Amino acid sequence: QKEVEQNSGPLSVPEGAIASLNCTYSDRGSQSFFWYRQYSGKSPELIMFIYSNGDKEDGRFTAQLNKASQYVSLLIRDSQPSDSATYLCAVKEGGSQGNLIFGKGTKLSVKP
Amino acid sequence: DAGVTQSPTHLIKTRGQQVTLRCSPKSGHDTVSWYQQALGQGPQFIFQYYEEEERQRGNFPDRFSGHQFPNYSSELNVNALLLGDSALYLCASRRGSANYGYTFGSGTRLTVV
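Residues numbered from 1 in each chain as written. Chains lettered and ligands numbered in written order. Predicted model: local features only at pLDDT ≥ 70, side-chain atom pairs only at ≥ 80, totals over all residues. Heavy atoms only, no water.

K.L.:
I'd love a proper account of the interface of chain B and chain A, names of residues and values included.
P.N.:
The figure often quoted for interface size is the accessible area lost as the parts come together. With 23 residues of chain B at the interface, the matching set in chain A holds 21 residues. Taken together, both faces of the contact between chain B and chain A bury some 1700 Å²; the carbon and sulfur share is 48%. Taken together, chain B and chain A are joined by 0 salt bridges. Where chain B meets chain A, there are 7 residue pairs in polar contact (both at pLDDT 80 or more). Secondary-structure elements contributing two or more residues to the side of chain B that touches chain A are β4 (31-37), β5 (44-50) and β9 (87-94) of chain B. Partitioned by chemical class, the residues of the side of chain B that touches chain A number 10 nonpolar, 12 polar and 1 charged. (Contact = heavy atoms within 4.5 Å. Buried area = accessible area lost by both parts, 1.4 Å probe. Salt bridge = Lys/Arg side-chain N within 4 Å of Asp/Glu carboxyl O. Polar contact = N/O pair within 3.5 Å; in protein donor to acceptor, adjacent residues only side chain to side chain. Helix = DSSP H or I, 4+ residues; strand = E, 2+ residues; numbered from the N terminus. Nonpolar A, V, L, I, M, F, W, Y, C, P; charged D, E, K, R; others polar.)

Written out as structure tokens, the structure reads:
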């Protein structure tokens, strides 16, 4: 059973702080990793993807991947109240037709 | 450029009934997957369609079936509805085996009473 684990939270950070979201996965064959943001009652929105070990930065967001530890994280710098949402970690199964396996999500709350 | 569109937005059905949900993928996308998201949970993979065939299936009973049409649009059918089928049903599309993930539609909220 391929699994993706996330701390469900809620994670509460003050405005302007760094929010750190973590995810572990079980499938060593996975090559692609995604972070989706989901506002309450809305559909998931892709915010970051990463394929290679190390860091990938996009604006206030940094994704970090460590395949040896089967660990992927998302850092949100200068957190804003509008970042308050559930963040879903997703791992693409190995193989050309591999689908996304999602974690349960971490609920982030940014307090003004 | 239209994204992924789903219909209907909301639906209320009675136990035992059947339901059909519809999805039009993003322009240029040919692969469609369906996910079920229960309240407070992450999306769970139901099945994937490519070239009008079911290519992969998650751990869902045969009551869940689907179809993909030549224009890449797709339907999800659920028979003999149970209360536990109440969830947000998400359609997601991508182009082939692209590694940049799926684009999701806004979902269909199904309530079974």
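There's more to say after this.
K.L.:
Give me the nonpolar core: which residues, what numbers.
P.N.:
Taken as a class, soluble globular proteins show a tendency for nonpolar side chains to be buried jointly. The biggest cluster of nonpolar side chains holds 24 residues, and the ones touching the most others in it are Trp35, Val72, Leu74, Ile76 and Tyr87 of chain A. Broken down by secondary-structure element, the contributors of at least two residues to this core are β3 (19-25), β4 (32-38), β5 (45-50), β7 (61-66), β8 (71-76), β9 (85-92) and β11 (106-111) of chain A. Excluding anything up to four places from it in sequence, Ile76 of chain A contacts Ala17, Ile18, Ala19, Leu21, Arg60, Phe61, Asp83, Tyr87 and Leu108 of chain A. Core analysis: the next-biggest nonpolar cluster, separate from the first, contains 20 residues, Leu11, Phe47, Val78 and Tyr89 of chain B among them. (Core = buried A, V, L, I, M, F, W, Y, C linked by side-chain atoms within 4.5 Å. Buried < 20%, exposed > 50% of the residue type's maximum accessible area, 1.4 Å probe, protein only.)

K.L.:
Break down the packing of aromatic side chains for me, citing the residues and quoting the values.
P.N.:
As enumerated under the stated definition, the model contains 12 aromatic pairs over all chains in all. Relative to Phe104 of chain B, the ring of Tyr36 of chain A has its centre 5.4 Å away and its plane inclined at 90°; by these criteria the two rings are edge-to-face. With Tyr36 of chain A in strand β4 and Phe104 of chain B in strand β10 (residues 103-104), this pair bridges two chains. Neither residue differs from the other here; Tyr36 of chain A and Phe104 of chain B are each classed as buried. When the centroid spacing of 5.6 Å and the interplanar angle of 90° are considered together, the rings of Phe102 of chain A and Tyr35 of chain B count as edge-to-face. One end of the pair, Phe102 of chain A, is in strand β10 (residues 100-102); the other, Tyr35 of chain B, is in strand β4, on a second chain. In this structure Tyr35 of chain B comes out as buried when scored by relative accessible area, which is 0%. (Phe/Tyr/Trp six-rings, centres within 6.5 Å; stacked < 30°, edge-to-face > 60°.)

So far we have only geometry, and geometry alone does not tell us how the molecule works.
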